[in-house]
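What the coordinates show
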Amino acid sequence: MKKSSKKRESSFDSFNPLENKTVILGVSGGIAAYKACDIASLLRRSGANVHAVLTPNAREFITPLSLTTITRNPAHCEQYGQSSNWRPEHIELAKSADLILIAPATADLIAKLATGICDDLLTTMVLASQAKVMIAPAMNPVMLQHPATQYNLSVLENRYRYDIIPSEYGEVACGDWGSGKMAAVETIITAVAARLLAHKTLATKRLIVTAGGTREPIDPVRFIGNRSSGKMGIAMADAAFARGAEVTLVSTVEVERAYPVVVVETAQEMQEAVESEFDLCDALVMTAAVADFRPMAVANHKIKKTDSDDLVLELTKNPDIIDLLGRVKRKDQVIIGFAAESEALLSNATQKLKRKNLDVIVGNDISVPEIGFGSDDNAVVILSAEGTRENLPRMPKRAIAEHLCDVLSERFQMLEKAPV
Ligand code: CTP
């Protein structure tokens, strides 16, 4: 049943699900630009703070004044306009966005996004932002089916940041029939709201996340350790918890959180903590850097300097926690591993993914300076058991964690649909 617009208005007036969310509404130059006013209005009335950015061509179809009035924020058009702030406008907008929606997105704009051309405020701002970008293509069906446009769309689809809201079949403004009509305004708003409110997508799921680097004692004072700071694992546990998951963090780093944190030191302690919860969990995310070897014997007292110039430590292999659990995992459980490599990242990570029977592996190249161990940022490649590969450029570990939560919820959806 089609709801009347009156009913919709009143429900939005009393309910602001998008409160505190900033949406940049990009408008490019096609006839569907007139619908941007409806989109802006519905977004604003559902609580979002909306800033419209128009390309020069969009201004041939609608005026900035309409969008300024509807969004209650000044519409932005000029790449080199006078800004009230010292920071360039495209950077200011790029940083403020929780999400960028481009509706309508023309063939020209899609081509620019796919190749990184930034010759106006909108394309420059998208390039300068790390927010999700949703695009609603709208164009003549022949233009949409053109191999160049299809190629550009596939380029965007394979980039982690972009979601395409598919256009619909129907009669387009020029009188032709086919796919190319911009998705209905309600469809666009629903997609945007689902993306912005994605935080509960892991509700009812139980996750074990490991963090930090294990320490293998040599004597009461010394240990064999590694450089892992635990930041990635803690960011992952935080992000999953915020999305409604029941999280247990097994960590070598002590943190105070609203969810249970089991502090461990050695690989064996980590193994015990993870194994004791594994049966009940839906997913295990092993970000911890687990020592592969430990001293065969731990000295009861501090080892003293001797007359000899050498000290020989005998090491024995630690359990490979993820490997052992990869062997016994049920079909409804997901295991994500990490691989920090200093060479041959892709082939080493792929081998580990297969050898350890993982669903996903997150690889990073530790030879790249300034990211990875100890840093707040990283750049990773995400490989799946199905053979997909996604490259995430340098970004905060928190943003990587958010993306991994998306990966997890997609896998859970996949598992729910899979035949038993
Ligand atoms: N891992 C684990 N137990 C170990 C070693 C590693 O559970 N004893 C997990 C890590 O938490 C990570 C994944 O396995 O998710 C890959 O870790 P990595 O150290 O890169 O793999 P290794 O098999 O130890 O290979 P390498 O020879 O490169 O150290």
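So, a few notes on the structure that sits alongside this text. Throughout, residues of each chain are indexed from 1 in the direction in which the sequence is written. Thresholds applied to this predicted model are a pLDDT of at least 70 for local features of residues and 80 or more for the giving and counting of side-chain atom pairs; totals over whole chains, interfaces and linings are not thresholded and use all residues. Derived side-chain values reflect all non-hydrogen atoms in the structure, with water molecules and hydrogen atoms excluded from consideration.

1. Remarks on the nonpolar core
Soluble globular proteins tend to bury their nonpolar side chains together. Selection rule: Nonpolar cores were defined as sets of buried Ala, Val, Leu, Ile, Met, Phe, Trp, Tyr and Cys residues, with membership established by side-chain atoms within 4.5 Å. Residue exposure (1.4 Å probe, protein chains only): buried if accessible area is under 20% of the type maximum, exposed if over 50%, otherwise partly exposed. Elements are defined by DSSP. Helices are runs of H or I of four residues or more, strands are runs of E of two residues or more, and each kind is numbered from the N terminus.
Counting 36 residues, the largest nonpolar core has Val27, Ile39, Leu43, Leu54, Leu67, Leu101 and Ile188 as its most contacted members. Only β1 (22–27), α2 (36–45), β2 (49–54), β3 (99–105), β4 (132–137) and α9 (185–196) provide two or more residues apiece to this core. Core analysis: the second largest hydrophobic core is formed by 32 residues, Val209, Ile234, Ile382 and Cys405 among them.

2. Details of the side chain of threonine 71
Note the cut-off: Throughout this description, a polar contact denotes any pair of N or O atoms lying within 3.5 Å of each other; where both atoms belong to protein, one of them has to be capable of donating a hydrogen while the other can accept it, and for residues adjacent in sequence the pair is counted only when both atoms sit in side chains. Note on contacts: a residue pair qualifies if any of its non-hydrogen atoms lie within 4.5 Å across the two residues.
Take threonine 71: it is sitting in helix α3 (residues 64–71). A polar contact of 2.7 Å, which involves the side chain of threonine 71, links it to the backbone oxygen of leucine 67. One polar contact links the side chain of threonine 71 to the main-chain carbonyl oxygen of asparagine 73, over a distance of 3.0 Å. Not counting chain neighbours up to four residues away, the residues in contact with threonine 71 comprise Ala40, Arg44, Val50 and Ala52.

3. Digging into the site of the ligand
The cut-off we apply is this: Only heavy atoms are used to decide nearness, and a residue is near a molecule or strand if one of them lies within 4 Å of it. Per-residue and other accessible areas follow the Shrake-Rupley method at a 1.4 Å probe size, with only the shown protein chains counted as cover for residues. The nonpolar class holds Ala, Val, Leu, Ile, Met, Phe, Trp, Tyr, Cys and Pro. Asp, Glu, Lys and Arg form the charged class, and all remaining residues, Gly among them, are polar.
Near the ligand lie 14 residues; those nearest to it are Met286, Ala288, Phe338, Lys352 and Lys356. Between the ligand and the protein, one listed contact pairs a nitrogen atom with a side-chain N or O atom of aspartate 320 at 3.3 Å. At 2.6 Å from an oxygen atom of the ligand is found a side-chain nitrogen or oxygen belonging to lysine 352. In isolation the ligand exposes 570 Å². Once the protein is present, 78% of that is buried. Of all elements in the fold, only α12 (321–328), β16 (334–341) and α13 (345–355) reach the threshold of two or more residues within the shell around the ligand. For the shell around the ligand, the element with the highest residue contribution is β16, accounting for 3 residues. For the shell around the ligand, the class distribution of residues is 8 nonpolar, 1 polar and 5 charged.

4. Side note on the packing of aromatic side chains
Inclusion rule: Between the rings of Phe, Tyr and Trp (Trp by its six-membered ring), a pair exists once the centres lie within 6.5 Å; its type follows the angle of the planes, with under 30 degrees stacked, over 60 edge-to-face, and the other angles tilted. Geometrically, a charge over a ring is one whose NZ (Lys) or CZ (Arg) sits within 6 Å of the ring centre while staying within 35 degrees of the ring normal.
Summed over all chains, the structure comprises 2 aromatic pairs. When the ring of phenylalanine 241 is compared with that of tyrosine 259, the centres are 5.1 Å apart and the planes differ by 55°; the resulting orientation is tilted. Placement of the pair is phenylalanine 241 in helix α10 (residues 231–242) and tyrosine 259 in the loop between β11 (246–251) and β12 (261–263), with a sequence separation of 18 residues. You can call phenylalanine 241 partly exposed: its relative accessible area is 36%. Taking the ring centre of phenylalanine 412 as reference, the NZ or CZ of lysine 205 above it sits at 4.7 Å.

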